[in-house]
Amino acid sequence: MTAIPFAIAARHKGFNRAEIVDQNFTEFVQLWQGEVLPVAPHDAEPVLPGSALDARGFRELFESQLISRHLDLMARVLRVQNKVFYTIGSSGHEGNAMVARLTRHTDPAFLHYRSGGFMAERFRKLPGTDGKPRDPVMDSALSFAASKDDPASGGRHKVWGSKPLWVLPQTSTIASHLPKALGTAVAIDHARRIGHTLPIPHDSIAICSFGDASSNHATAQTAFNAAGWTAYQKLPAPVLFVCEDNGIGISVKTPTGWVARNYQARADLDYFFADGLDLATGYAQVQRAVEHCRRTRRPTFLHLKTTRVMGHAGTDFEIEWRSIEELVSVESTDPLLRSAAIALESGLYSKDDLLNLYEATRKHCFEAADEADRRPKLERLDDVMAPLAPYSPAKVKAEAERADYADKRLAVFGGEAKLPENQPPRHLAIQIGQALHEVMAKYPESLLFGEDVAQKGGVYTVTKGLHKAFKNTRVFNTLLDETLILGLAQGYANMGMLPIPEIQYLAYFHNAADQIRGEASSLQFFSNDQFRNPMVMRIASLGYQKGFGGHFHNDNSITALRDIPGLVVGCASRGDDAARMLRTMMALAKVDGRVCAFLEPIALYMTKDLYEAGDGGWQFAYPAPGEAMTLGEGRVYDEDADDLVVFTFGNGVPMALRAARTIEAELKWKVRVVDLRWLAPLNDAFIAAQAKSAKRILVLDEGRKSAGVGEGVITAIVEAGFGATPLTRVVGADTFTPLAGAALLVLPGEADVVAAARALA
Ligand SMILES: Cc1ncc(C[n+]2csc(CCOP(=O)(O)OP(=O)(O)O)c2C)c(N)n1
Ligand SMILES: [Mg+2]
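1. A word on the coordination of the magnesium ion (ligand 2)
No. 1: Protein coordination at the magnesium ion (ligand 2) comes from Asp212 (OD), Asn246 (OD1) and Ile248 (O), with a distance range of 1.9 to 2.1 Å.
No. 2: For the magnesium ion (ligand 2), the donor residues sit on a single chain with the sequence spacing D-x33-N-x1-I. Of the two residues, Asn246 and Ile248, both sit in the buried class.

2. A few points about the pairing of strand β6 (residues 270-275)
No. 1: Burial analysis of β6 places five of its six residues in the buried class, the great majority of the element.
No. 2: Note that β6 and strand β7 (residues 300-305) share six bridges and pair parallel. Looking at β7, one finds that Phe272 is bridged to Leu302.
No. 3: On the question of chirality, the crossover connecting β6 to the parallel β7 by way of helix α9 (residues 279-296) is right-handed.

3. Comments concerning the site of ligand 1
No. 1: The full set close to ligand 1 counts 17 residues, and His112, Tyr113, Arg114, Ser214 and Ile248 are the nearest of them.
No. 2: For ligand 1, an oxygen atom lies 2.4 Å from a polar atom in the side chain of Ser214.
No. 3: When ligand 1 is considered free in solution it has 580 Å² of accessible area, and contact with the protein chains removes 73% of it.
No. 4: Partitioned by chemical class, the residues of the shell around ligand 1 number five nonpolar, 10 polar and two charged.

4. Regarding the sheet that holds strand β16 (residues 671-675)
No. 1: Here we have five strands laid out as an open sheet, ordered β14-β16-β15-β18-β19, and mixed in their pairing. Each edge of the sheet is formed by a strand with only one pairing partner; in this case those strands are β14 (635-637) and β19 (727-732). Each strand axis lies, on average, 20° off the axis of its neighbour in the sheet, ignoring direction.
No. 2: Where strand β18 (residues 697-704) and β19 come together, six bridges link them in parallel fashion. Paired with Asp701 across the strands is Val731, a residue of β19.
No. 3: On the sheet, helix α27 (residues 710-719) packs against β15 (644-648), β18 and β19 and is oriented at approximately 150° with respect to β18.

5. A look at empty space enclosed by the protein
No. 1: Evaluated as defined, the whole model comprises seven cavities of 30 Å³ or more.
No. 2: Quantified by volume, the largest cavity comes out at close to 230 Å³.
No. 3: Along the walls of the largest cavity sit 20 residues, with Leu111, Tyr113, Gln170, Thr171 and Ser172 positioned nearest its centre.
No. 4: Taken together, the residues that form the lining of the largest cavity break down as eight nonpolar, 10 polar and two charged.
No. 5: Size it by volume and the second largest cavity reaches roughly 70 Å³.
No. 6: Lining the second largest cavity, in full, are Gly457, Gly458, Val459, Tyr460, Val462, Thr463, Glu502, Gln504, Arg538, Ala540, Glu600 and Tyr605.
No. 7: Across the lining of the second largest cavity, the residue classes tally to five nonpolar, four polar and three charged.

6. Examining the pattern of salt bridges
No. 1: Scanning the model with the defined rule gives 56 salt bridges in all.
No. 2: The shortest N-O distance in the salt bridge between Asp334 and Arg69 comes to 2.8 Å. Here Asp334 is found in the loop between α10 (324-331) and α11 (335-345), whereas its partner Arg69 is found in helix α2 (residues 55-79), with 265 residues between them in sequence.
No. 3: Residue Asp334 is classed as buried on the basis of its relative accessible area of 2%.
No. 4: Arg69 gets classed as buried once you look at its relative accessible area, which sits at 1%.
No. 5: In this structure, the salt-bridge partner of Lys180 is Glu519, at a minimum N-O distance of 2.6 Å. One end of the pair, Lys180, is in helix α6 (residues 178-193); the other, Glu519, is in helix α20 (residues 513-519), and 339 residues separate them in sequence.
No. 6: By relative accessible area, which is 3% here, Lys180 ends up buried.

7. Describing the sheet that holds strand β17 (residues 678-680)
Sheets are built from strands that pair by backbone hydrogen bonding, the pairs being arranged parallel or antiparallel.
No. 1: Reading across from one edge, β9-β8-β10-β11-β13-β12-β17 is the order of the seven strands in this open sheet, with mixed pairing throughout. Either end of the sheet is taken by a strand with one partner, and the two such strands are β9 (475-477) and β17. Each neighbouring strand pair of the sheet contributes to a mean axis angle of 20°, computed without reference to strand direction.
No. 2: Both strand β8 (residues 446-450) and β9 contribute to a ladder of three bridges, which runs parallel. When the bridges of β9 are listed, Phe449 appears paired with Phe476.

8. Section: the nonpolar core
No. 1: Within the largest apolar cluster, 88 residues are counted, with the highest numbers of intra-cluster contacts made by Phe241, Phe301, Phe509, Ile516, Leu561 and Phe647.
No. 2: Looking at this core, the element that brings in the most residues is α6, giving eight residues.
No. 3: Apart from residues lying up to four places away in sequence, Leu561 is in contact with Leu506, Phe509, Met537, Ile539, Leu567, Val569, Ala597 and Leu599.
No. 4: Core analysis: the next-biggest nonpolar cluster, separate from the first, contains 72 residues, Val396, Leu448, Leu466 and Leu698 among them.

9. Describing the packing of helix α14 (residues 393-401) against helix α23 (residues 575-592)
If you want to describe how two helices pack, look at the angle between their axes and the distance between the axes.
No. 1: Between α14 and α23, the least distance of the axes is 8 Å, while the angle of their chain directions is 125°. It follows that α14 is oblique to α23 by the angle criterion. Relative to α23, α14 is oriented so that their crossing is right-handed. Between α14 and α23, the residues in contact are Lys395, Val396, Glu399 and Ala400 and Arg583, Thr584, Ala587, Leu588, Lys590, Val591 and Asp592, respectively.

10. A word on the packing of aromatic side chains
No. 1: For the structure on display, the rule yields 22 aromatic pairs.
No. 2: Seen from their ring centres, Tyr263 and Phe301 are 4.3 Å apart, and the 10° between their planes marks the pair as stacked. Of this pair, Tyr263 sits in helix α8 (residues 258-263) while Phe301 sits in strand β7, placing them 38 residues apart in sequence. Phe301 shares its class with Tyr263; the two are buried.
No. 3: For the ring pair Tyr505 and Phe548, a centre distance of 6.4 Å and an interplane angle of 90° mean the geometry is edge-to-face. You can see Tyr505 sitting in the loop between β10 (498-503) and α19 (506-510) and its partner Phe548 sitting in the loop between β11 (535-541) and α22 (559-562), a full 43 residues away along the chain.
No. 4: Judged by relative accessible area, which is 3%, Tyr505 ranks as buried.
No. 5: These aromatic residues form a ring-pair network of at least three members: Phe210, Phe224, Phe241, Tyr263, Tyr271 and Phe301.
No. 6: Above the plane of the ring of Phe525 lies Arg156, whose end atom (NZ or CZ) is 5.6 Å from the centre.

11. What to know about unusual backbone geometry
No. 1: Each neighbour pair has its own omega, and for Ala680 with Pro681 the value is -5°, a cis peptide bond.
No. 2: With respect to the element layout, Pro681 can be found in the loop between β17 and α26 (684-692).
No. 3: Of note, Asn82 is a non-glycine position whose phi angle comes to about 65°, a positive value.
No. 4: Tracing the backbone shows Asn82 in the loop between α2 and α3 (97-101).
No. 5: The backbone phi angle of Arg297 is positive, close to 60°, even though this residue is not glycine.
No. 6: Checked against the element boundaries, Arg297 lands in the loop between α9 and β7.

12. Quick word on the side chain of Gln545
No. 1: Within the element layout of this structure, Gln545 appears in the loop between β11 and α22.
No. 2: Contacts of Gln545, omitting those with residues within four sequence positions, involve Tyr460, Tyr505, His553, Asn554, Ile602 and Ala603.

13. Section: helix α17 (residues 466-474)
No. 1: Taken together, the buried positions of α17 are Leu466, His467, Phe470 and Arg474. Looking straight down α17, one finds its buried side chains confined to an arc of 120°; they lie on one side. Opposite the buried face of α17, by more than 90 degrees, sit the exposed residues Lys468 and Lys471.
No. 2: Where α17 is buried, its residues meet α15 (406-413), α16 (428-442), β8 and β9.

Cut-offs and rules
In every chain, residue numbers begin from 1 and rise along the written sequence. Think of it this way: whatever chain is written first is A, whatever ligand is written first is 1, and the rest follow in order. Note on the predicted model: pLDDT of at least 70 is required for a residue's local features to be given, and 80 or more for side-chain atom pairs to be given and counted; whole-chain, interface and lining totals, by contrast, use all residues. Only hydrogens and water are set aside when side-chain values are computed; all heavy atoms of the structure are taken into account. Only nitrogen, oxygen and sulfur atoms qualify as donors, provided they sit within 2.8 Å of the metal or within 3.2 Å for Na, K and Ca; with water excluded from the atoms, sites may seem incomplete. Throughout, exposure labels follow a simple rule: accessible area from a 1.4 Å probe, protein chains only, divided by the maximum for the residue type, with under 20% read as buried, over 50% as exposed, and the rest as partly exposed. A run of H or I in DSSP counts as a helix once it spans at least four residues, and a run of E counts as a strand once it spans at least two, with each numbered from the N terminus. Criterion used throughout: strands pair if DSSP finds at least two bridges between them. For crossovers, right-handed means that the path from the first strand over the helix to the second runs clockwise, given strands pointing away from the viewer. For this purpose, a residue is taken to be near a molecule or strand whenever a single non-hydrogen atom of the residue falls within 4 Å of it. Polar contact is the term for a pair of N or O atoms within 3.5 Å; when the atoms are in protein, one must be able to donate a hydrogen and the other to accept it, and sequence-neighboring residues count only if both atoms are side-chain atoms. Only the protein chains shown count as covering a residue, and every accessible area follows the Shrake-Rupley method with a 1.4 Å probe. For this classification, the nonpolar set comprises Ala, Val, Leu, Ile, Met, Phe, Trp, Tyr, Cys and Pro, the charged set comprises Asp, Glu, Lys and Arg, and every other residue, Gly included, is treated as polar. Fitted lines through C-alpha atoms give the axes, limited to the stretch in contact for helices. The angle between two N-to-C directions lies from 0 to 180 degrees. Any two residues having at least one pair of non-hydrogen atoms within 4.5 Å are treated as being in contact. Here a cavity is any set of points on a 1 Å grid over the protein atoms alone where a 1.4 Å probe fits but cannot get out, and a pocket is any open set with protein on both sides within 12 Å along at least 5 of 7 lines; a residue lines the site when it has an atom within 4 Å of a point. Grid points are joined across faces, edges and corners, and a volume is the space filled by probe spheres set on the points. Note on definitions: salt bridges are taken to be side-chain nitrogens of Lys or Arg within 4 Å of carboxyl oxygens of Asp or Glu. What makes a nonpolar core is a set of buried Ala, Val, Leu, Ile, Met, Phe, Trp, Tyr and Cys residues whose side-chain atoms join them at distances within 4.5 Å. Each angle gets one of four labels, with under 35 degrees taken as roughly parallel, over 145 as roughly antiparallel, 65 to 115 as roughly perpendicular, and the rest as oblique. Should the near helix be turned anticlockwise from the far one by less than a right angle, the crossing is termed left-handed; should it be turned clockwise, right-handed. Pairs were defined over the aromatic rings of Phe, Tyr and Trp, the Trp ring being its six-membered one, requiring ring centres within 6.5 Å. Orientation was assigned from the angle between planes: stacked under 30 degrees, edge-to-face over 60, tilted for the rest. The criterion is that NZ of a Lys, or CZ of an Arg, lies within 6 Å of the ring centre and within 35 degrees of the ring normal, and then a charge sits over that ring. The directions considered for the arc are those from the helix axis to the C-beta atoms.

The analysis is restricted to geometry; functional conclusions fall outside its scope.
Structural data, given as structure tokens:
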């Protein structure tokens, strides 16, 4: 980078660094005294001798940078007037506009929050309906103002996002978008192998930007590692990781040279450096990285040098914690000053032209902000929540019951006699496996993956046979990283496929919960339902395992799932219900883009009997195609019994049925057992209807006392006005589950249910 003759900032010791950065630009231009090229370059000529960037490209990039800068300045001013609600800016990072210019608007982008330059530039790639370039300023202003008219999130968050421009909005969890960016890249090339038509060109790449501090995050490491793991096996992973290195994360400095040291020599992560502070030199460097990624389909790490002026956010008064000398020195590296120097030196702009453009851009941003301030806000809860969990019951039902793929089904099962509905009643593990064969036959765009799911057929053999039936392209083992598995699922979903990721145990979902909580489940909400990442996540779950004890293989904390807005959580206690539920979950994913969690009670996988050994009471006939289960629909055993109504799910269902026999014999009560089946959202109306006719209520919850499902059930009962009904709860203790027989001290047992009923009597 050529040195900028600059000593202006030293004169300013003000508190408001945004004002100073703003003045710096003007004064820098006014005082600039460099040499001007004798003849200004034409559009297609290098902006400065030897630059890969042409004059026209420079002009546009510079305008994009100015738009980004003035959006930041505007936000700082209007925040105090309560017209803008977000002040994390892009100042110092505007060079990321080069990445936008050198990629396509159809390359899916997952962006760092400092992407104002990138967005302004990407807007040029797709003219509006009138053929003119779209206006990034108004879109951004609406987003800053949290207006309902914000085209990205509908006023729900300030996000960089755009449906037509393939920018999938990110929320604010550092690095959590990297796994899905990699997943999207993998999906782009994987699509061809399963004959899936992509929504974007087949040679697209996925772009993902983040900060230097963020590159240290475990979730970032997940993505880098998995990208390398993929490339090492010569599988395509065309992801462009753009590390925007400003040398700091809020107030913590990244050790000088760390990013280069850490990434320049990683096998299978191809490192490129670019000067993001200087358009004239940085352009060729960014170009090399982009072209490499697109051509080789290899994971590419672009280390983009940036700086950060105006603090982390509007609330970060750097002057309180950094020396003025340091601040001034950082401000002197402002890339807009360098761009101004290029503009003047090339002769493309006179000083007046430049200052006029600067002020005109400011005016444009303020006018847009004023207009945005007049636009409607989200004023009704219904509007806020509308995109969170869309549900079209009739369409979902029709899709779940759709059985027009009989030929494919027949082929997968290997003939009429082998169809599951023509088999004798079977247990849960078998019927989940059959249902998975069925839905994979039904949805050619579905993929099943996770740890050990392929040849071995999963730890509990539930997925046995699927690998053989659908081959490695659709059923495959991943590397051992739950964060990656769920990131991959989002990536496939982004590309229009229907992923069925498996998490080996519920405890290991917790390992990667952010991918569902912060990312997958929030996408519809933060994109105003413009983007969807449908999936059906299967999780081997819950306690009571005989052969394999201890907490982590018997984890009963369902709350971590129930707590996620928008997520559908279901738990089938028997094979036929599992098949019906899977059909519905696939339909929910397909029709409404929903993210679903399918909990499989491990202890019931192989359970065949209900009351006595050999009675076969927990095996059921496989439901014919065309039968599905409505979201929220429970199963009621002995509808007419009303002396005691037991609400339960999962392992609790056969337990309650057994206990009911003892209770009936001992207390002469007729006992109704209600299997909730759907744990989130709970069907409050159904629970109330069951409670209405109950003389006594028992809630049997194998989750934990303070973090289970029972609290929700009791709340529904009380809120429906049945709180006066004698009621008791049998629930797991608030502890981790120990090994061996001691586990049964912690988890509810049949005897506890009987004892609780006696206490009610
Ligand atoms: C998982 C997570 N932890 C902490 C934060 C709070 N936080 C927001 S930005 C930030 C620093 C990020 O620094 P860097 O990645 O260098 O990006 P920069 O802001 O410098 O562009 C932190 C700690 C967060 N958003 N997410
Ligand atoms: Mg940083």
